[in-house]
Every structure is written in C-alpha cells, then in structure tokens.
Amino acid sequence: MADPPGCCSTCATCLLCPYSCQWITAKKEKRKGLRTTKCDCSWFLFLFCVFLFTLVWLYFAIIILNDFHNFNEFIFRERKLWLDWSLVLLIATAVLISYSSVLLVLALFLQLCGQPLKLHWVHKILLILTVLVVAAAFTGLGIKWAEEWKSARISLQATGPFLHIGAVGGMTLLAWPLASFIYRTRNTGLKVFLLLVYCAAMIALYLAPLGITSPCIMEENQLPPKPALVGHRGAPMLAPENTLMSLHKAVECDVQVFETDVMVSADGVPFLMHDDELTRTTNVQAVFPDRTAQSTAFNWTDLQQLDAGSWFLERRPFPTVQSLSPADRNETTEQRIPSLEQALEAAKQSNISIMFDLRPENHSDYQSFVNVTLGVILQSGIPLQQVLWLPDGFREDVKQQAPGVQQVYGRKRLKNEKEPVLHVNLPYQDMSSEEIRQYRQDNISVNLYVVNQPWLFSVLWCSGVSSVTTNACQVLKEMKHPIWLLPSSTYLMIWIVVDCVSFLIIIWAFVLLK
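Residues numbered from 1 in each chain as written. Predicted model: local features only at pLDDT ≥ 70, side-chain atom pairs only at ≥ 80, totals over all residues. Heavy atoms only, no water.

### Some remarks on the environment of Ser-295
Within the fold, Ser-295 resides in the loop between helix 10 (284-287) and helix 11 (300-303). For Ser-295, a relative accessible area of 0% translates into the label buried. Ser-295 sits 86 residues away from Pro-209 along the chain, and the two C-alpha atoms are 52 Å apart. (Helix = DSSP H or I, 4+ residues; strand = E, 2+ residues; numbered from the N terminus. Buried < 20%, exposed > 50% of the residue type's maximum accessible area, 1.4 Å probe, protein only.)

### Quick notes on the UniProt feature "transmembrane region" (unreviewed entry) in the protein
Feature annotation in UniProt assigns "transmembrane region" (unreviewed entry) to the following positions: residues 41-65, 85-113, 125-143, 163-183, 192-212 and 492-513. Structurally, residues 163-183 comprises 95% helix and 0% strand, and the distance from its first C-alpha atom to its last is 30 Å. In the segment residues 192-212, helix accounts for 76% and strand for 0%; the C-alpha atoms at its two ends are 30 Å apart. (UniProt positions renumbered as here; feature names shortened; annotations may be inferred.)

### A short note on the state of the cysteines
One pass over the structure, following the stated rule, counts one disulfide. Shown here is the disulfide that connects Cys-216 with Cys-462, its sulfur atoms set 2.2 Å apart. For the disulfide bridge between Cys-216 and Cys-462, the dihedral angle about the S-S bond is near 95°, and by the sign convention the bridge is right-handed. Within this pair, whereas Cys-216 is found in the loop between helix 8 (188-207) and strand 1 (228-232), its partner Cys-462 is found in helix 18 (residues 454-463), the two being separated by 246 residues in sequence. For Cys-216, a relative accessible area of 2% gives the class buried. Of the residues examined, Cys-462 reaches a relative accessible area of 1% and is grouped as buried. (Disulfide = S-S within 2.5 Å.)

### Side note on the UniProt feature "domain: GP-PDE" (unreviewed entry) in the protein
UniProt feature "domain: GP-PDE" (unreviewed entry): in the numbering of this structure it lies at residues 227-480. Secondary structure content for residues 227-480 is 34% helix and 16% strand, while the C-alpha to C-alpha distance between its ends is 11 Å.

### Notes on the pattern of salt bridges
As enumerated under the stated definition, the model contains 21 salt bridges in all. Between Asp-261 and Arg-233 there is a salt bridge, and its shortest N-O distance comes to 4.0 Å. Separated by 28 residues along the polypeptide, Asp-261 in strand 2 (residues 257-264) and Arg-233 in the loop between strand 1 and helix 9 (244-252) bring together distant segments of the chain. Of the residues examined, Asp-261 reaches a relative accessible area of 3% and is grouped as buried. According to the relative accessible area criterion, Arg-233 is buried, its value standing at 4%. (Salt bridge = Lys/Arg side-chain N within 4 Å of Asp/Glu carboxyl O.)

### A word on the domain arrangement of the protein
As assigned here, the protein comprises domain 1 (9-145), domain 2 (149-214 + 486-513) and domain 3 (231-274 + 337-477). Using C-alpha coordinates to define each centre, domain 1 is positioned 45 Å away from domain 3. The partner domain 3 presents 11 residues to the five residues of domain 1 that form the contact. Summed over both partners, the interface of domain 1 with domain 3 buries about 620 Å², with 35% contributed by carbon and sulfur atoms. At the junction of domain 1 with domain 3, the criterion picks out one salt bridge. Between Arg-233 and Glu-73 there is a salt bridge whose closest N-O contact spans 2.9 Å. Linking domain 1 with domain 3 are five residue pairs in polar contact (both at pLDDT 80 or more). Looking at the side of domain 1 that touches domain 3, its residues break down into two nonpolar, one polar and two charged. (Domains from an automatic or database assignment. Contact = heavy atoms within 4.5 Å. Buried area = accessible area lost by both parts, 1.4 Å probe. Polar contact = N/O pair within 3.5 Å; in protein donor to acceptor, adjacent residues only side chain to side chain. Nonpolar A, V, L, I, M, F, W, Y, C, P; charged D, E, K, R; others polar.)

### Some words on the packing of helix 8 against helix 20 (residues 488-513)
Helix-helix packing: each pair is described by the crossing angle between the helix axes and the interaxial distance. Relative to each other, helix 8 and helix 20 sit at 160°, their axes nearing to 10 Å. It follows from the interaxial angle that helix 8 and helix 20 lie roughly antiparallel. Between helix 8 and helix 20 the crossing geometry is right-handed. Residues Leu-195, Tyr-198, Met-202, Tyr-206 and Leu-207 of helix 8 lie in contact with helix 20, whose contacting residues are Trp-495, Asp-499, Ser-502, Phe-503, Ile-506 and Phe-510. Within the contact of helix 8 with helix 20, the residues separate by chemical class into nine nonpolar, one polar and one charged. (Axes fitted to C-alpha atoms, helices over the stretch in contact; angles between N-to-C directions. Parallel < 35°, antiparallel > 145°, perpendicular 65-115°, else oblique. Left-handed = near helix turned anticlockwise from the far one by under 90°.)

### Comments concerning a nonpolar patch on the surface
On the surface, Trp-121, Val-122, Ile-125, Leu-126, Ile-128, Leu-129 and Leu-132 cluster together to form a nonpolar patch covering roughly 640 Å² of accessible area. Along the chain, Leu-129 turns up in helix 5 (residues 121-144). In this structure Leu-129 comes out as partly exposed when scored by relative accessible area, which is 44%. (Patch = residues over 30% accessible without salt bridge, like charges linked within 9 Å, V, L, I, M, F, W, Y side chains within 5 Å. Areas by Shrake-Rupley, 256 points an atom, 1.4 Å probe, with all protein chains shown as cover.)

### Considering the nonpolar core
Leu-448, Phe-457, Leu-460 and Val-468 are the most contacted members of the largest nonpolar core, which totals 43 residues. Taken together, the elements giving at least two residues each to this core come down to helix 2 (38-64), helix 6 (148-173), strand 7 (423-427), helix 17 (433-441), strand 8 (445-449), helix 18 and helix 19 (473-476). No other element matches the seven residues that helix 18 contributes to this core. Inspection of this core shows a minimum of three residues originating in each of domain 2 (149-214 + 486-513) and domain 3 (231-274 + 337-477). Residues within four places of Leu-460 in sequence aside, it is in contact with Tyr-428, Ile-436, Leu-448, Val-451, Val-465 and Val-468. (Core = buried A, V, L, I, M, F, W, Y, C linked by side-chain atoms within 4.5 Å.)

### Observations regarding helix 17
Residues of helix 17 that are buried include every one of Ser-433, Ile-436 and Tyr-439, and no others. What you see down the axis of helix 17 is that its buried residues fit within an arc of 125°, all on one side. Away from its buried face, by an angle of more than 90 degrees, helix 17 presents the exposed residues Glu-434 and Gln-441. Residues of helix 17 that are buried make contact with helix 6, strand 7, strand 8 and helix 18. (Arc of directions from axis to C-beta.)

### Focus: the environment of Asn-447
On the secondary structure map, Asn-447 appears in strand 8. Judged by relative accessible area, Asn-447 falls into the buried class, the value being 6%. Asn-447 sits 21 residues away from Val-468 along the chain, and the two C-alpha atoms are 5.2 Å apart. Each residue touching Asn-447, except ones within four places of it in the same chain, is listed here: Val-230, Met-355, Val-424, Asn-425, Leu-426, Ser-467, Val-468 and Thr-469. At 2.6 Å, the side chain of Asn-447 forms a polar contact with the side chain of Asn-425.

### Brief notes about unusual backbone geometry
Across residues other than glycine, the phi torsion is negative in most instances, and most of the peptide bonds are trans. Across the junction of Arg-359 and Pro-360, the peptide omega takes the value -10°, indicating a cis bond. Counting through the fold element by element, Pro-360 comes out in the loop between strand 4 (353-358) and helix 15 (366-380). For the peptide bond that leads from Tyr-449 to Val-450, omega is -20°, which places it in the cis range. Counting through the fold element by element, Val-450 comes out in the loop between strand 8 and helix 18. The phi dihedral of Lys-80 falls on the positive side, at around 55°, and the residue is not glycine. Turning to its location among the elements, Lys-80 is positioned in the loop between helix 3 (68-79) and helix 4 (85-112). Positive phi is not limited to glycine here, since Arg-233 has a value of about 60°.

Shown next as structure tokens:
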C-alpha cells in the first residue's frame, strides 16, 4: 500500500478506536505496522457481505410481519406461551443490521481518510455469530414457514422499482471509497479485478428494470375497483375474535363478509371457535381446571359459562388493544362464545354475508356436523345468498339441501370442471397477478387471505383481486388508493434519470479523487 495522506489525529482516533480498538496519534512512527494487508481486505469484504446478508434479512423480517400473528398462535398452541414475537424479531434484526452498518460506515471513512483497516478480533467473532444467527433464521423460515418465500416474490412487485433506486444509490456511493483504494494501491491486478466487478455490478443494476414487473405500473384509468373487505374472525384487532363484538366492529369497518370458524358442541349446537382447544381465547382453565380443553367436548351450557373476551385485554394479541376506549374494554369483558344462530341473526340484521369453515374436518361425526349446521342456517331466515360455504366435506349434500348457498372453493379451478366455479378462497401466496387477472376476466370471484399490510393490499388491488380477508379492516378501510401507481412512461423516465445521474456521480468521484 502507498502511504496515504491521512486524517487529523482526532479523526483517526475516533474512527480507529471503535473499529480496531487501537489509539493512534498524528506521529507516523506511532502507527508503524498498522498497514492494510490482504487479510484486512478480506475481512472488509466479509463485513460488506455480512451487511448485505443482514439487510436481506431485514427485508424479509418486514415482509413476514403480515403473517406474524399466525406464528404467535402457533407458538401458543405448542408452548402455551403468548408473546408478540414480532417485537423480538424486529429488535434482534435492528441490533444486527445496526451493528454491521456502523462497522461498514467506519471502514469506509477509514479508507477515505487513508487509515488502516485493522478489524479487531472481537468484531470478527461477532460478525461470524451474526452470519450464523441470520443463516439459522433463514433456515428456520425455509423449514417451518416455506410459504413466506412466495410472500417475498410478491413483495418484490411492490418494492422492486424502489429497491432498484436504492441499490443504484448505494453502489454509487461506493464509488468514493473504491476510487480512493484504487488510486492508493500499487497492485495492478487487484485494481483491474475490483474495477471489473464494480462495473459489472453497475451495468446489471442499470439494466435491472428490464426484469422488474409490477401490477402497479399502469395508467390511472386502468386501475381495477378497490377489493371488498372480509373480516377475518370479525375485526380481531379491535375486539376478541369470533365474538359478536368482533362482528359489529367489522361492520363498522365496512366489511362485506364476516369470516369465521364453526364447531359443534357435544349436545349439537354449532358455535364460533377457531382453535381445537378453548385455551387461547377463553378462561376454560379457570372455570373447568380438571377437564380437557377440547372445544367439541363441552356442551352448550358449559360453553356459555366461559369468558371469551378478557383474554384479549390480558394478552394484547395486537398493539391496537392499548387504544381501546373504556366502553370497548367493558364490552370486551362481557363477551361470551356466540352460537352460529346468534351470528347469523347479527349478520342478517347488519346485511353482511357470512363465510365459515366447519371444524374439525377429521372428526368422526363430521357429516352430522354438516347436517346440524345446515339446519341452523335454514331455520335462521337469513337469505341463503348471504351464506358462503367453505367446507369441502359433503359439499354435494349441501348443494341439494340448500341450493341457494354460495359455494366457495379452497382451490383453483380444474381443467375439466363439472360445474362452473364462481368463488375461490386461497392464501394470497397461491395466486399470481396473471392468474388473478385471468379469473377476473372469466367472472370468477377471488378472495385472498390473510392480507394485513397496505403494501400487500396495494399489489392485490392493482392485480384486480375481488376481495381480501384481513385482520386490519380499520386500516385497509381508509385506503382510497394504492400506495403507489406509476404509468409505464413515468417509470421509464425515472429509470433513465437515476441511471444517468448515477453514472455522472461515479465519473465525478473517480476524477475528483484522482
């Protein structure tokens, strides 16, 4: 390495102390031996890769927040421990990305100031641990939550244009330390290698928009109608799930469909409940400490003794619980498990549809569950077109006994479909934008679940989805427009301007530092 011009002693100390844990003075002889070696360059490259690795994980962490309530429920079912693990995820991710970012910034300033890049051994160990932790997180995501990889693909449709701009900006800023390093090193082979790698990366980024597609790159007059809202177990961010209060809160959010789950009690009364056990959403352990918590093992009289609301205030499944008014809190503590009959009456009075699964599907008496549930529907007086039937078991019997009920399928249509499929209900990861458009052209109603984040709602809106099932109806209700919508001509202009400005800044950096 050639001798660099260097910084003032105070600046050098401030930069080297946290990075290398070494104090220096302005006297050159006091920092003899503090030269950047090939090993030091390798550790800088490793630091840069760790930063990119943690940055990618930060992106994934933000994406999976849409579905993280499912993870909280899974942990509770397995460990009977309730905690908002999204906070743990965000805090841990913030610590890792902040640590690698600070080290990278220090290294870049040290290079610009001509100081040696002597990374301390403690930082080396922590960087290796950071890689192991993030790699373990990605591995766990791939094993236990593989569908989130599809979520990442969808998220790129929402963020692709902006990720391109950010990547071009970040790589453009690297031109300064790169130029500084190239002008100071005497190794011609290394110079050529770094320049070739950098140029290849920039060319790839400049041409990246050729592969970026997003349904929100369209003209304003091509935007499909806003998707209708389906309340997932009602409005679970505003009231205890699967209660009448949750249904009424969903109505206030302008939802068109109340989505719920139905089970049948030991004495044949259909009621609203999602979990196979009553532990998470009732006080069954306090009222019946010596009995199994299996939902279908209780008769209706016993179920009516359970408090189905206080858990909502105690566990706070969503941050919105803290903002409940005193009146809402009092109403929450008065909630009981509603019967299907009560829910149908409330839906009829509110003029909204009701869509439900009948659980558990593998029960030995499932056919009797279907018959009992159908009997309650037919006796309720609700218009049958307001009932959306999801269960696949004994569907033909349902069609015969209640032909007016709307049949909703939890699968895509088949090539040789005997009867036309008019409604499908699928996870949002299972349908591409092209499939959504095709179903829309064929007059097939597509409902996707569970959509909570505005960015995801915007992508599906631009794609033309008919409706979405959501926990956050109060948020999506307020959206009058997708988060962003760009005509293709505008995006083309942004692409060209960004690339040209980046190219000029890079040239300026190399000329200025020379």
